[in-house]
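What follows is the residue order along each chain.
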Number of protein chains: 6
Amino acid sequence: MRPVAIRNILRADPTVIARLGTAGTSTAHEAQGRAGLAKPYLRPAWPGGSASGSAVTVLARPGDNWMIHVAVELCQEGDVLVVALSSDNHDGMFGELLATSLKARGVRGLVIDAGCRDVAALEEMGFPVWCRGVSAQGTVKASLGAVNVPVVVAGVAVDPGDVVVADDDGVVFVPRSSAAAVADKCDARLAKEASVRERLAKGELGLDIYAMREPLAKAGLVYLDSAADLDDRR
Amino acid sequence: MRPVAIRNILRADPTVIARLGTAGTSTAHEAQGRAGLAKPYLRPAWPGGSASGSAVTVLARPGDNWMIHVAVELCQEGDVLVVALSSDNHDGMFGELLATSLKARGVRGLVIDAGCRDVAALEEMGFPVWCRGVSAQGTVKASLGAVNVPVVVAGVAVDPGDVVVADDDGVVFVPRSSAAAVADKCDARLAKEASVRERLAKGELGLDIYAMREPLAKAGLVYLDSAADLDDRR
Amino acid sequence: MRPVAIRNILRADPTVIARLGTAGTSTAHEAQGRAGLAKPYLRPAWPGGSASGSAVTVLARPGDNWMIHVAVELCQEGDVLVVALSSDNHDGMFGELLATSLKARGVRGLVIDAGCRDVAALEEMGFPVWCRGVSAQGTVKASLGAVNVPVVVAGVAVDPGDVVVADDDGVVFVPRSSAAAVADKCDARLAKEASVRERLAKGELGLDIYAMREPLAKAGLVYLDSAADLDDRR
Amino acid sequence: MRPVAIRNILRADPTVIARLGTAGTSTAHEAQGRAGLAKPYLRPAWPGGSASGSAVTVLARPGDNWMIHVAVELCQEGDVLVVALSSDNHDGMFGELLATSLKARGVRGLVIDAGCRDVAALEEMGFPVWCRGVSAQGTVKASLGAVNVPVVVAGVAVDPGDVVVADDDGVVFVPRSSAAAVADKCDARLAKEASVRERLAKGELGLDIYAMREPLAKAGLVYLDSAADLDDRR
Amino acid sequence: MRPVAIRNILRADPTVIARLGTAGTSTAHEAQGRAGLAKPYLRPAWPGGSASGSAVTVLARPGDNWMIHVAVELCQEGDVLVVALSSDNHDGMFGELLATSLKARGVRGLVIDAGCRDVAALEEMGFPVWCRGVSAQGTVKASLGAVNVPVVVAGVAVDPGDVVVADDDGVVFVPRSSAAAVADKCDARLAKEASVRERLAKGELGLDIYAMREPLAKAGLVYLDSAADLDDRR
Amino acid sequence: MRPVAIRNILRADPTVIARLGTAGTSTAHEAQGRAGLAKPYLRPAWPGGSASGSAVTVLARPGDNWMIHVAVELCQEGDVLVVALSSDNHDGMFGELLATSLKARGVRGLVIDAGCRDVAALEEMGFPVWCRGVSAQGTVKASLGAVNVPVVVAGVAVDPGDVVVADDDGVVFVPRSSAAAVADKCDARLAKEASVRERLAKGELGLDIYAMREPLAKAGLVYLDSAADLDDRR
């Protein structure tokens, strides 16, 4: 890891980012072939928030948030700050003051593979954060990391400028190069889901809508009228 | 595990189920001799919901929700779907569309030893889910499991038709055969607790209400006036 | 561990406790040199509560809440009950009835290195609890522990009478002897933070406010205009 | 849970138990349809041991090993003691003295959903233990549980008299009623595996031995000569 | 936390330390009233080692082993280095080079609430380490901590000069002031255990040796001849 | 994720791979700037093994080892098979038969972000495996993944053909493009460490060898003669 801060990165088209944000994490994840989903230990610091934007990436050391301060200056309106750690850590590397600073620059939210603090204030400010957990543990400013380099966050390889989509279901990253195509697939999925939802609400079964009965039978599923045919409990 | 789906199961009396639901998990768990409680990693996907009903059980493989689709058809008004996994998994095996389908059939909620997704939509629909966690991770429909067979969910052996009681404190399973007796014990406990609560609120001590002073002294508890008698810190 | 209950402990000045409570966990933790913070697995049982007070300490065995009943009598108005366990356990050792009893005595809240139950009722009562998790698992009253002895709670050594500060960010313990000095430092930090917050909100950068640019350069941070200079992905 | 100790249980045929023990956990688990495997957190306290026998079951409370003492008397030559807990606990509920007692009765080993201690002595004695972990934490003898009742151990429902098979790969339980049939299937699997192993060792591919090429192609697997066809990194 | 290094500490009598080491962790833990045991996640980096000595304590920050280098100089023949962390971390803060340095000074082993590395070399050198895990992750030397101050290690409050006893069962700390008394109790326990072990090996039951039959009956344990009396599976 | 299998990948120079293997994980990790280390939950299935080679990568679904069978054919003498999962899973996706097949092709070992089984047989064969854990849980062959695509394994982004270095300290990945440069730095480190080791063994202090005394003093470290100057216990 070289201690560098890259000033300029390529970003996706804002309208594409907005469409991915509207689709949400589950749809975006499915639309890009079930890829790009952060491990589910990344959870919202407060419920009901959502964010989409371009990833400004940070690689930081455990218990040291110096590089987040460096990254603030390199963020633009519409970005989401994405912080990876060189090893697992839950310290509260981010709080109200950094959120104030990011908000002043138009940053949409934070994804951090560590802890955050001041959660009540973050919710009041409406600044959404996805993190490993909440911890008041303070951090030092002693060791360098990097800004806007490729990182791995919660099991996903992320490049600066990739699209971040985050909501109550978690966080998905969409590579910048495929963002437009994924947004198109999202729209198609959403349209299809609306129709399926309506049919399901009327009582139609997924077994029939998705034509599963034949493949189930072929795979060997047997229907029995009662448990009398099962003689042991496994 | 044989790949079977049992169509018909015995269910408990709806009025018994309702009484157990009113009593709630803590009381039901105590009333049946501190048994039947799911491990506490099963948590509500959204706060404030509760459900009681007859268990329709599913045994599914990790990352594969095919059997949930099979189970929907076998659910009735008043049931709670209970999904066990053949090995530990956090994938989001259940979301808004399946909830729409279950709700259309009058199902009261879902208990799943895996993840769920679309939590914001689930809360908006008022469909309660108890799960290991939230994950947008999509699942395949490739391998068979079973429906309405005995399963182990979060450390509890559950038979189809057992009564499920779930609220913010977790999930309790009551065997169908003992449900009425447990409901009676719940009523007795609730009556007794109301009286104790009133006395405690007035400042009476549990030590006196439960007559603990003598057994504590017998067990060897010593009261000291101050810490001066303790010479080391352990 | 001797099975003792100490009746009388020294407590900090109530106005000092109140000032620490106003400062909150993050500030109190920083003000005492980043010490005294409970591990972040201790979380509020319901969101939005806060508490500060004098620690009445309990050492209990897993699955046994007998000593909590003993401790109730030794609590005063303005105390926070702090329960340590002799080994890790998630059972629901505390619920609505004990909360009713503590509330009747003016106790401000509970910190327990185990589980609690009746969370919906606790929230309704406005009785805040910080715990490992929620579990309806009932407990016995069979083995002795101790009350008002030094304990270790979630990684922090706590003496009876230490000040407890707890909010949505977690739990901090401040030794009684240094509480006034820490409260003074909290006030100084809060004043300074207010000014920094205002500057950050106007768009000024932490890099400049905290004069980080020179130390960053000295430590070797290199700014690059674009990623073209980075030839491999790590 | 009623506090009972059942004196007499039905056991499987010793020659069937021996055949299952020879087959080992992986084979026994596969032979009974991938069922009965304890969660993998149950690990050998020391490497290289193995055991098979009839389950004498115990239900104990966290931190309390009183019921293990009760169970010793009810064990026979060829049994394996199986201890379930009413809630999760890692305390060292079993050590050298209890092992000495069990060994004197011809017991083959211990499976415990909690901790054990004296691991060096257990290895020296050659008494195998499968457990959650090692802990010197001592336990009380204060609360009743039950002996020879159905229990859930590490996610598996176990009846007294079920066959236990344990080795370095973990622990499998086989219901007494199906033990003979599973042993037959184990023998068939072992014979088949020996032949496959020989072919694989000579360099033949599983793809060909198991005739996977056609189903893979049908499922849509595409072979590419080089990564040049993959334009993004996901 | 003030950044201090205390040069001189009081140590226990070497013969007392040796007697505690001979007794081992389980016996020492019991002898001091089931206190002082580190949480069981602290495990030996390699099996079969043991150590006893006087604690030289370190408080370090996550991912930073600078203070360990400071502590080496303050260690004497017969000490055990004990490293606490200001927040949870698994990085490999200790390896072969530091072990070489400690061994040259006669240090008996290391207890660290973090990771270590070079485990193969440590085993070859015969230098025992108890740690959270193994990680090759390198650490910085950037932030101060403290040496020979009171710390909390794996849930135990440890003062410099306390006696450390560590073996395959884990780690126990005995306060210096009570070390001699605990050693005496250890000797008494060991003598008693030898006699019990002999009786158990001959087939006598713990139920009789410890006179448990009457208290069990009094507590309500019921013996049944067969499972026919149990009508449901819980 | 497209279901592809890439036949041909670029591999590093075998002599470079051998040099990295000799250096070992800790040294290789340090030499490439403390990068490329797999999270420490990946542990050897049996102790004492080591492996280095070119990564043949697999992306598989939880509980499904079909793609491992596909990958075998694409492995060459000197490769290490590296298996990533689309979501967390501990099932035993790899055992003796697959190891026999890989060994017949000259494969050096396996790194798998899931479980393995048949550990006793793997140790006897001398086939090293690094994994999340041991589980006998069997897997299906139902869903496609990919072979020789970029993956994320235990937190590290790995490209096919990257160099894998694995031993008792864990697993490090070195990008193919920088492998030779990293090997050179490893040699330099090893030479330097040998000299430092010798000096430390003679009793010289790291404080002096690394010239730490001045920076420690500058950072504010204060030496005190005794604990008398510390008036509270934090």
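Residues numbered from 1 in each chain as written. Chains lettered and ligands numbered in written order. Predicted model: local features only at pLDDT ≥ 70, side-chain atom pairs only at ≥ 80, totals over all residues. Heavy atoms only, no water.

Peer 1: Even after reading the chapter, I still don't get the overall build of chain A, so can you show me in this structure?
Peer 2: Secondary structure summary: chain A contains 8 helices and 14 strands in total. Taken over the C-alpha atoms alone, chain A extends approximately 70 × 45 × 35 Å along its principal axes. Split into buried and exposed, the 234 residues of chain A put 63% on the buried side. Residue pairs at least 24 apart in sequence account for 76% of intrachain contacts in chain A once pairs closer than 6 positions are excluded. On chain A, roughly 8000 Å² of surface is accessible, and the fraction owed to carbon and sulfur atoms is 51%. Side chains of chain A carry 25 positive and 29 negative charges; the gap between the two charge centres is 4 Å. (Helix = DSSP H or I, 4+ residues; strand = E, 2+ residues; numbered from the N terminus. Buried < 20%, exposed > 50% of the residue type's maximum accessible area, 1.4 Å probe, protein only. Contact = heavy atoms within 4.5 Å. Areas by Shrake-Rupley, 256 points an atom, 1.4 Å probe, with all protein chains shown as cover. Lys, Arg positive; Asp, Glu negative; His and termini not counted. Charge placed at Lys NZ, Arg CZ, Asp CG, Glu CD.)

Peer 1: Can you walk me through the pairing of strand S4 (residues 79-85) of chain C in this structure?
Peer 2: Residues and elements named next belong to chain C. Among the 7 residues of S4, 7 are classified as buried, and the element is accordingly described as predominantly covered. Residues Asp79, Leu81, Val83 and Leu85 point to one face of S4 and Val80, Val82 and Ala84 to the other, with burial holding for every one of them. Running through helix H3 (residues 66-72), the crossover from strand S3 (residues 51-60) to the neighbouring parallel element S4 is right-handed. Examined bridge by bridge, S4 and strand S5 (residues 109-112) share 4 bridges and lie parallel to one another. Across the sheet, the residue bridging to Val82 is Val111, located in S5. (Right-handed = clockwise from strand over helix to strand, strands pointing away. Pairing = 2+ DSSP bridges.)

Peer 1: Hey, could you run me through the pattern of salt bridges in this one?
Peer 2: When the charged atoms of two side chains with opposite charge come close together, those side chains can pair. Residues and elements named next belong to chain B. If you walk through the whole model with that rule in mind, you get 102 salt bridges over all chains. A salt bridge links Asp187 to Arg19; the shortest N-O distance between them is 2.8 Å. Here Asp187 is found in helix H5 (residues 179-201), whereas its partner Arg19 is found in helix H1 (residues 14-31), with 168 residues between them in sequence. Taking relative accessible area as the criterion, Asp187 reaches 35% and is therefore assigned partly exposed. Residue Arg19 is classed as partly exposed on the basis of its relative accessible area of 27%. Where Arg197 meets Glu193, a salt bridge forms, and the shortest distance between an N and an O atom there is 3.9 Å. Placement of the pair is Arg197 and Glu193 together in helix H5, with a separation of 4 residues, close to one helical turn. (Salt bridge = Lys/Arg side-chain N within 4 Å of Asp/Glu carboxyl O.)

Peer 1: Would you mind going over H1 of chain B with me for this structure?
Peer 2: Note: α-helices contain 3.6 residues per turn, so residues at a spacing of three or four share the same orientation. Residue and element names in this part refer to chain B. Taking 1.5 Å of rise per residue, the 18 residues of H1 would be expected to cover 26 Å, yet its terminal C-alpha atoms sit only 19 Å apart, more than 12% below that figure. Along H1, the largest kink reaches about 110° and is centred on Gly24. What H1 keeps buried is the set Val16, Ile17, Leu20, Ala23, Gly24, Thr25, Ser26, Thr27, Ala28, His29, Glu30 and Ala31. Sitting at the amino-terminal end of H1 is Asp13, which places a side-chain oxygen 2.8 Å from the backbone nitrogen of Thr15. (Expected span 1.5 Å × (residues − 1). Bend = angle between axes of the 7 residues up to and from the residue. Polar contact = N/O pair within 3.5 Å; in protein donor to acceptor, adjacent residues only side chain to side chain.)

Peer 1: What's the story with the relation of the copies chain E and chain C in this structure? I'm lost.
Peer 2: The operation relating the two chain copies consists of a rotation about an axis and a shift along that axis. Overlaying chain E with chain C gives an RMSD of 0.0 Å, the required rotation being 180° about an axis along which the chain moves by 0.0 Å. Here the two chains are linked by the operation of a two-fold rotation axis. No C-alpha of chain E lies nearer the rotation axis than that of Gly155 of chain E, which sits 2.6 Å from it. (Least-squares fit on C-alpha atoms with pLDDT ≥ 70 in both.)

Peer 1: It is not clear to me how the relation of the copies chain A and chain C should be interpreted in this structure. Could you clarify?
Peer 2: Between chain A and chain C, which share one sequence, the superposing operator has a rotation angle of 120° and an axial displacement of 0.0 Å; the RMSD is 0.0 Å. Such a turn and shift between the copies fits a three-fold axis. Across chain A, the rotation axis passes nearest the C-alpha of Pro47 of chain A, at a separation of 6.2 Å.

Peer 1: Looking at this model, I keep getting lost on the packing of helix H1 (residues 14-31) of chain F against helix H5 (residues 179-201) of chain F. Mind explaining?
Peer 2: For any two helices packed against each other, the geometry is given by the interaxial angle and the distance between the axes. Residue and element names in this part refer to chain F. The interhelical angle for the contact between H1 and H5, taken along N-to-C directions, is 70°, at an axis separation of 8 Å. Judged by the angle between their axes, H1 and H5 are roughly perpendicular. Of the two elements, H1 crosses H5, and the hand of that crossing is left-handed. Contacts from Val16, Arg19, Leu20, Ala23, Thr27, Ala28, Glu30 and Ala31 in H1 reach Ala179, Ala180, Val182, Ala183, Asp184, Lys185, Cys186, Asp187, Arg189, Leu190 and Glu193 in H5. The residue makeup of the contact of H1 with H5, split by class, is 11 nonpolar, 1 polar and 7 charged. (Axes fitted to C-alpha atoms, helices over the stretch in contact; angles between N-to-C directions. Parallel < 35°, antiparallel > 145°, perpendicular 65-115°, else oblique. Left-handed = near helix turned anticlockwise from the far one by under 90°. Nonpolar A, V, L, I, M, F, W, Y, C, P; charged D, E, K, R; others polar.)

Peer 1: It is not clear to me how the interface of chain A and chain C should be interpreted in this structure. Could you clarify?
Peer 2: When the parts come together, some accessible area is lost, and that loss is often what is quoted as the size of the interface. On the side of chain C, 39 residues touch chain A, which itself brings 37 residues to the contact. For the chain A and chain C pair, buried surface summed over both sides reaches about 3300 Å², with 61% attributable to carbon and sulfur atoms. In this structure, the connection of chain A to chain C is made through 4 salt bridges. With its nearest N and O atoms 3.8 Å apart, the salt bridge here joins Asp225 of chain C to Arg7 of chain A. Between the two partners, chain A and chain C, sit 12 residue pairs in polar contact (both at pLDDT 80 or more). (Buried area = accessible area lost by both parts, 1.4 Å probe.)

Peer 1: What is the right way to look at the interface of chain E and chain C in this model?
Peer 2: At the junction of the two partners, chain E supplies 11 residues and chain C supplies 11 residues. Between chain E and chain C lies a buried interface of about 740 Å² when both sides are counted; carbon and sulfur atoms form 44% of it. The largest per-residue losses of area from chain E upon contact with chain C belong to Met1, Lys39 and Val152 of chain E, which jointly make up 46% of the total buried on that side. In this assembly, chain E and chain C are joined by 2 salt bridges. In this structure, Lys39 of chain C and Asp88 of chain E form a salt bridge, with 2.6 Å as the shortest nitrogen-oxygen distance. The tally of links between chain E and chain C comes to 2 residue pairs in polar contact (both at pLDDT 80 or more). For the side of chain E that touches chain C, the residue count by class is 5 nonpolar, 3 polar and 3 charged.

Peer 1: In this structure, what is going on with the confidence of the model for chain A? I would like to understand it.
Peer 2: Atom-level detail of predicted coordinates should not be read off regions where pLDDT is low. Looking at chain A, pLDDT values average 96 and 98% of them are 70 or higher. Reported confidence for the predicted complex is 0.95 by ipTM and 0.97 by pTM. (pLDDT = per-residue confidence, 0-100.)

Peer 1: In this structure, what is going on with helix H1 (residues 14-23) of chain A? I would like to understand it.
Peer 2: Residue and element names in this part refer to chain A. Along H1, the residues that are buried comprise Val16, Ile17, Leu20 and Ala23. Axial view of H1: buried residues confined to an arc of 120°, hence all on one face. Of the exposed residues in H1, those oriented more than 90 degrees away from the buried face are Pro14, Thr15 and Thr22. Against helix H2 (25-31), strand S3 (51-60), strand S12 (163-167), strand S13 (170-174) and helix H6 (179-201) lie the buried residues of H1. Phi turns positive one or two residues past the end of H1, at Gly24, with a value near 90°. (Arc of directions from axis to C-beta.)

Peer 1: Would you mind showing me how to read the pairing of strand S13 (residues 170-174) of chain F here?
Peer 2: Every other side chain in a regular strand lies on the same face of the sheet, so the side chains alternate between the two faces. Residues and elements named next belong to chain F. Buried residues dominate S13, accounting for 5 of its 5 residues. Alternating residues of S13 divide into Gly170, Val172 and Val174 and Val171 and Phe173, and every residue in both groups is buried. Pairing of strand S12 (residues 163-167) with S13, which is carried by 5 bridges, proceeds in the antiparallel orientation. Looking across to S13, one finds that Ala166 is bridged to Val171.

Peer 1: Even after reading the chapter, I still don't get the environment of Ala179 of chain D, so can you show me in this structure?
Peer 2: Among the secondary structure elements, Ala179 of chain D is positioned in helix H6 (residues 179-201). Those residues in contact with Ala179 of chain D, other than ones at most four positions away along the chain, are Ala12, Val16, Leu20, Val163 and Val174 of chain D.

Peer 1: Looking at this structure, I do not really get the side chain of Ser54 of chain E. What am I missing?
Peer 2: Residues and elements named next belong to chain E. If you trace the backbone, Ser54 turns up in strand S3 (residues 51-60). A residue is classified by how much of its surface remains accessible, and Ser54, at 2% relative accessible area, is buried. Excluding anything up to four places from it in sequence, Ser54 contacts Arg11, Ala12, Ile17, Gly78, Asp79, Val80 and Asp162.

Peer 1: Sorry if this is basic, but what is going on with the environment of Arg199 of chain B here?
Peer 2: Residues and elements named next belong to chain B. Of note, Arg199 is situated in helix H5. Along the primary structure Arg199 and Ala188 are separated by 11 residues, whereas in three dimensions their C-alpha atoms are 17 Å apart. Sequence-distant contacts of Arg199, defined by excluding residues within four places in its chain, comprise Glu204 and Ile209. In terms of polar contacts, Arg199 uses its side chain to reach the side chain of Glu204, at 2.6 Å.

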